[in-house]
Amino acid sequence: MTTSESQMKAVTVVVGTRPEIIKMAPVIRALQKNEFPLIFVHCGQHYDYNMSQQFIEELELPPPDYGYKVKAYSQGAQTARIITHMERLLKKTSPALVLAEGDTNGVLATALAAVKRGIPVGHVEAGLRSFDLRMPEEHNRRLTDHISTYLFAPTKNAENNLKRESVWGKIYATGNTVIDAVIQHLSIAEKKSKILEVVRFENFVLATAHRAENVDDLAVLKNFMETFAEASQPVVYPMHPRTKKRLQQSGVYTKIKKFKNIQILPPLGYLDFLVLMKNCEMIVTDSGGIQEEATAPCIRKPVLVIRLSTERPEAVKAGFAEVVGIKKQKILKAMTRTLEKRRELPAKSPYGNGNAAEKIVRIIKKELTF
Ligand code: UD1
Ligand code: UDP
């Protein structure tokens, strides 16, 4: 491709789930600032207003140029459907580069559709590894990394994972754009959000759980609910639709809604969620992004990771996070210990200082115009 051809062609940014919208928001802004021709696509993995469009509006992103809805299918069917419509779209638009972020089925589908059309892929948040092959995310991130042209690794550890696997693409260590997102939105959140008026408790633990290997296992899910009900501090729990669906299917959702120690909320917008992170005593979660956000200097909260593994060892090493497993007694003990000890947390985040998106866009500019 000649310089003038690649300069004229667009960069396509694809998102599909709530964390992708949040983590790509700073990248979209940086691309706009640098006057890149941009095609913004929502591949349709998440489709409820409060899991997708809510974030596009709140984060003041442009409306997607192309948007899809994939509804609920099996893992394979969901991936296949996204490949099909992304392939059609890429044939029609022929961008210079496709950017995808993270480890969802939508990311793998997008990357596959792009490479099959000979379009380079830039993988934002490349190189994370949980080494837990029960997780669909581990399949997605490994496969996407091996077909990407540019790999934007958030940390040295992620960069080393990629080097160890001898990926073909070019690796750049950039920091994680989630820190950019927290910095760009927290002060707006503190002005606009009214969520603390809704929360019933003065001091609370913030909890989320949605990982398939946790909540699709009814024993684990019930165990989490019992843990929160018995915790020494009340728990505020914005509930992911996957989790709500599982609790409803097992007939215990209505009962849990009445527990005095747990306040279940719908999936929240980013501004409300940031305010809860800022004001909680600690976070108990199986989320990936939340483990990172808790390390942002303006949040700085201890996190208990209710999983068997994490692909974010940097947060553990820095002292923010602890992987406590999925058993009730272990989680309860760790909660009590964390609340009693109140360790001083580092002033710096291992995920960068908020300029990851600018770095990524500088690299793209260089790569597409030399
Ligand atoms: C997906 C990602 C996960 C990411 C999460 C972000 C994969 C394999 N998983 O998990 O890595 O952490 O998004 O939140 O890609 N649902 C709705 N409305 C929606 C979206 C989902 O009701 O807008 C319900 C449906 O019942 C659906 C289920 O949640 O079947 C699971 O959705 P899906 O996108 O397949 O996976 P997530 O659990 O959201
Ligand atoms: N988040 C949000 N509202 C919520 C729960 C989470 O805005 O009710 C944000 C959170 O701040 C983080 C992202 O969503 O940026 C994490 O998404 P999720 O836990 O669904 O996915 P993961 O990061 O595990 O892939």
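Above: the structure in question.
Residues numbered from 1 in each chain as written. Chains lettered and ligands numbered in written order. Predicted model: local features only at pLDDT ≥ 70, side-chain atom pairs only at ≥ 80, totals over all residues. Heavy atoms only, no water.

Novice: Go over the pattern of salt bridges, please, and point to the residues and values.
Specialist: Evaluation of the coordinates by the stated rule reveals 26 salt bridges. In this structure, glutamate 159 and lysine 163 form a salt bridge, with 3.1 Å as the shortest nitrogen-oxygen distance. Of the two residues, glutamate 159 and lysine 163 both sit in helix H7 (residues 156–164), 4 residues apart, roughly one turn of that helix. On the basis of relative accessibility, which here comes to 11%, the residue glutamate 159 falls in the buried class. Where arginine 342 meets glutamate 281, a salt bridge forms, and the shortest distance between an N and an O atom there is 2.5 Å. Placement of the pair is arginine 342 in the loop between helix H17 (328–341) and helix H18 (356–369) and glutamate 281 in the loop between helix H14 (270–279) and strand E11 (282–285), with a sequence separation of 61 residues. Judged by its relative accessible area of 47%, arginine 342 is partly exposed. (Salt bridge = Lys/Arg side-chain N within 4 Å of Asp/Glu carboxyl O. Helix = DSSP H or I, 4+ residues; strand = E, 2+ residues; numbered from the N terminus. Buried < 20%, exposed > 50% of the residue type's maximum accessible area, 1.4 Å probe, protein only.)

Novice: If you had to explain H14 to someone new, which residues and values would you point to?
Specialist: Of all 10 residues in H14, 7 are buried, a share of seventy percent or more. Taken together, the buried positions of H14 are occupied by Tyr270, Leu271, Phe273, Leu274, Val275, Leu276 and Met277.

Novice: Break down the site of ligand 1 for me, citing the residues and quoting the values.
Specialist: Taken together, 21 residues lie near ligand 1, and His46, Glu137, His210, Arg211 and Arg242 sit nearest. At 2.7 Å from an oxygen atom of ligand 1 is found a side-chain nitrogen or oxygen belonging to arginine 211. Histidine 240 has a polar side-chain atom sitting 3.1 Å from an oxygen atom of ligand 1. Computed on the free molecule, ligand 1 has an accessible area of 740 Å², of which 91% lies beneath the protein chains in the complex. (Near = heavy atom within 4 Å. Polar contact = N/O pair within 3.5 Å; in protein donor to acceptor, adjacent residues only side chain to side chain. Areas by Shrake-Rupley, 256 points an atom, 1.4 Å probe, with all protein chains shown as cover.)

Novice: Lay out the side chain of threonine 155 in plain terms, naming residues and giving numbers.
Specialist: If you trace the backbone, threonine 155 turns up in the loop between strand E6 (150–153) and H7. The buried category is assigned to threonine 155, whose relative accessible area is 6%. A polar atom in the side chain of threonine 155 sits 2.6 Å from the side chain of glutamate 314. If we ignore the near neighbours within four places in the chain, the residues touching threonine 155 are Glu314, Pro350 and Tyr351. (Contact = heavy atoms within 4.5 Å.)

Novice: If you had to explain the site of ligand 2 to someone new, which residues and values would you point to?
Specialist: The immediate surroundings of ligand 2 are formed by 18 residues, with Leu268, Ser287, Gly288, Gly289 and Glu293 found nearest. Here arginine 18 contributes a side-chain N or O atom positioned 3.0 Å from an oxygen atom of ligand 2. At 3.1 Å, a side-chain N or O of arginine 211 approaches an oxygen atom of ligand 2. Protein chains shield 95% of the accessible area of ligand 2, which is 530 Å² for the free molecule.

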